[in-house]
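Listed below, chain by chain, are the residues.
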Amino acid sequence: MKRNGSPRWGKETGVWRDVPSRQWNDWRWQLQNLVRSPEAFSELLSLEVGEVSALRVLRTQFRFAVAPYYFSLIDPEDPADPIRRMIVPSSQEQSGNGDMDPLAEVAHRVAPGLIHRYPDRVLFLVTASCSSYCRFCVRKRNWVKSDAASTEAEIEEAVAYLRRHEEVRDVLISGGDPLSLPVERLDYVLGRIRSIPHVDFLRIGSREPVMLPMRITDDLLGVLDRHSPLWINTHFNHPREITPEAAAACERLARIGIPLNNQSVLLAGVNDDLGTMRELLQGLLGIRVRPYYLYHADPVVGTAHLRTGVRKGIEILEGLRGHTTGLAVPTYVVDAPGGGGKIPLAPDYVVSLSPSQVVLRNYKGDHFVWGDGGSAST
Ligand code: SF4
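All values reported here derive from a predicted model rather than from experimental measurement. Going along each chain's sequence as written, the residues are numbered from 1 onward. A pLDDT threshold of at least 70 governs which residues receive local features in this predicted model, and a stricter bar of 80 or more applies before side-chain atom pairs are shown or counted, although totals over entire chains, interfaces and linings include all residues. The side-chain values count all of the structure's non-hydrogen atoms but skip hydrogen atoms and water molecules.

Engineer: Looking at this structure, how should I read the nonpolar core?
Structural biologist: A general feature of soluble globular proteins is that nonpolar side chains tend to end up buried together. Core analysis: the largest hydrophobic core is formed by 101 residues, its most contacted members being Tyr 70, Val 171 and Leu 224. Helical segments are the DSSP runs of H or I of at least four residues, strand segments are the runs of E of at least two, and each set is numbered from the N terminus. Here the element with the most residues in this core is helix H13 (residues 244-255); it accounts for 6 residues. For Leu 224, the contacting residues outside a window of four places in its chain are Leu 179, Leu 186, Leu 190, Ile 204, Leu 230, Ile 232, Leu 253, Ile 256 and Ile 258. Listed in part, the 5 residues of the second largest apolar core include Leu 123, Leu 125, Ala 148 and Leu 172. Residue types Ala, Val, Leu, Ile, Met, Phe, Trp, Tyr and Cys, when buried and joined through side-chain atoms within 4.5 Å, form a set referred to as a nonpolar core. With a 1.4 Å probe rolled over the protein chains alone, any residue whose accessible area is under 20% of its type maximum counts as buried; one over 50% counts as exposed, and the rest are partly exposed. For this analysis, residues touch if any pair of their heavy atoms sits within 4.5 Å.

What follows is the structure in structure tokens.
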């Protein structure tokens, strides 16, 4: 695992080796030096001419940008590098399969940026921007035409909806990446939601601790602390993302009392094997992040090469449950198409079920018979 200081290809041996630490660790410098053109990707990764041409076409459809910090985690000698698969655009994205809005979020939009699908909770998109753009993102539609609440008037319209809907007690703030917002804007958004008496649970979904951990500054922590209690859902997908910088960012968030839960996406060639997934999940516990969800990848346009079958996710869960601490085992979910909501999937531990007894199997495959009164035998 890279966490203990093994090589950062781009930083230690590559184009950024002479960047002073003070700049490298400044999130503003990172954003000023984004890798964002086919030519820049080509220079850093020695792409073939055909691939560069494909990226020029692709660029007219989808955003590209990678912060140097995150780019530096890629091994440039490995075309199948898992970090590369997640973040470097590929000509395979030109496949037309998939949907721009597989979860039908637009159909459930009730105010700017506000998606109301479940009885007591809403999703609030407050930006379409991120520091880097993941190729598997479920909100690629926002890269083309944003439906986030991006002005004060739009935020107020969403807040007015929330005030009218007293059944809403839980707001998940997402995007884009809410922690990429200027701190004044984030302060404003959080303050406006906090002013609604019936909203008693506030969560933020962010990949900044993973892709731009230097963004977790004292200013940002001050704003988050002011609006506590808050929960943050991080988004680590691979053990190599658990760097000392990412660990420090999570530590800073945890120290101000923010519970950290992780949502991973199951991605082909990235984390679709038991060993990698176990290393990721156990590594997260080591930095105080509790694995929460493992999402089956949604059928987003241009992501067919990153998706696995559902069987793979169930196999991985089977290899985790009972074999490692339950705290490291996330809930594996498919987000049903068309806005049907999350459906949990798990290996089947019920061998047979009758009115008088149930036969169960454990993680080793041993069977246990439970009588009507709850007594057990094997
Ligand atoms: S950080 Fe999140 S919202 Fe932004 S591109 Fe990645 S997956 Fe999408």
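What follows continues from the structure just given.
Engineer: Just to check I follow, could you spell out the pairing of strand E9 (residues 331-336) for this structure?
Structural biologist: It is a general feature of regular strands that their side chains alternate between the two faces of the sheet. Pairing analysis gives 3 bridges linking strand E8 (residues 290-296) to E9, with the strands arranged parallel. Residue pairing in the sheet places Leu 294 in a bridge with Tyr 332 of E9. For crossovers, right-handed means that the path from the first strand over the helix to the second runs clockwise, given strands pointing away from the viewer. For the crossover that starts at E8, traverses helix H15 (residues 310-320) and ends in the parallel E9, the hand is right-handed. By the bridge criterion, 5 bridges tie E9 to strand E10 (residues 341-345) in an arrangement that is antiparallel. Note that in E10 the partner of Val 333 across the bridge is Pro 344. Counting the residues that bridge the hairpin from E9 to E10 gives 4 residues, and of these Gly 338 lies at a positive phi of roughly 75 degrees. Pairs of strands are assigned from DSSP output, requiring at least two bridges between the strands.

Engineer: Looking at this model, I keep getting lost on the pattern of salt bridges. Mind explaining?
Structural biologist: When the charged atoms of two side chains lie near each other, side chains of opposite charge can form a pair. Salt bridges, as used here, are contacts in which a Lys or Arg side-chain nitrogen is within 4 Å of a carboxyl oxygen on Asp or Glu. Enumeration over the complete set of coordinates arrives at 21 salt bridges. Across the salt bridge formed by Arg 207 and Glu 241, the nearest N and O atoms sit 3.1 Å from each other. Separated by 34 residues along the polypeptide, Arg 207 in the loop between strand E5 (201-205) and helix H11 (208-211) and Glu 241 in the loop between strand E6 (231-234) and H13 bring together distant segments of the chain. The exposure classification of Arg 207 matches that of Glu 241, with both residues buried. Notably, a salt bridge pairs Arg 255 with Glu 251, separated by 2.8 Å at the nearest N-O pair. Note that Arg 255 and Glu 251 are positioned in helix H13 at a spacing of 4 residues, about one turn of the helix. For Arg 255, a relative accessible area of 64% translates into the label exposed. A network of salt bridges, in which partner residues are shared, links Asp 101, Glu 105, Arg 139, Arg 141 and Asp 147.

Engineer: What is the right way to read the sheet that holds E6 from this model?
Structural biologist: Strand order in the open sheet made by the 10 strands is E1-E2-E3-E4-E5-E6-E7-E8-E9-E10, with mixed pairing throughout. For this open sheet the edge positions go to strand E1 (109-111) and E10, each flanked by a neighbour on one side alone. Orientation is described by lines fitted to C-alpha atoms, with helices fitted over the stretch in contact, and by angles between N-to-C directions that extend from 0 to 180 degrees. Along the sheet face, H15 touches strand E7 (260-266), E8, E9 and E10 and points at about 160 degrees away from the line of E9.

Engineer: How do you make sense of the packing of helix H4 (residues 38-45) against helix H5 (residues 49-58) when you look at a structure like this?
Structural biologist: The packing of two helices is summarised by the inter-axis angle and the distance between the axes. H5 packs onto H4 with a crossing angle of 150 degrees between their chain directions and a minimal axis gap of 9 Å. The angle between H4 and H5 places the two elements in the roughly antiparallel class. For the pair H4 and H5, the sense of crossing is right-handed. Every residue of H5 that contacts H4 at Pro 38, Glu 39 and Ser 42 is listed here: Val 52, Leu 55 and Arg 56. Only Asp, Glu, Lys and Arg are considered charged, only Ala, Val, Leu, Ile, Met, Phe, Trp, Tyr, Cys and Pro nonpolar, and every remaining residue, Gly among them, polar. Taken together, the residues of the contact of H4 with H5 sort by class into 3 nonpolar, 1 polar and 2 charged. By the definition adopted for this analysis, an angle is roughly parallel if under 35 degrees, roughly antiparallel if over 145, roughly perpendicular if from 65 to 115, and oblique otherwise. By the definition used in this description, the sense in which the near helix is turned from the far one sets the handedness, with an anticlockwise turn below a right angle giving left-handed and a clockwise turn giving right-handed.

Fair warning: the whole summary comes from geometry, so function is off the table for now.
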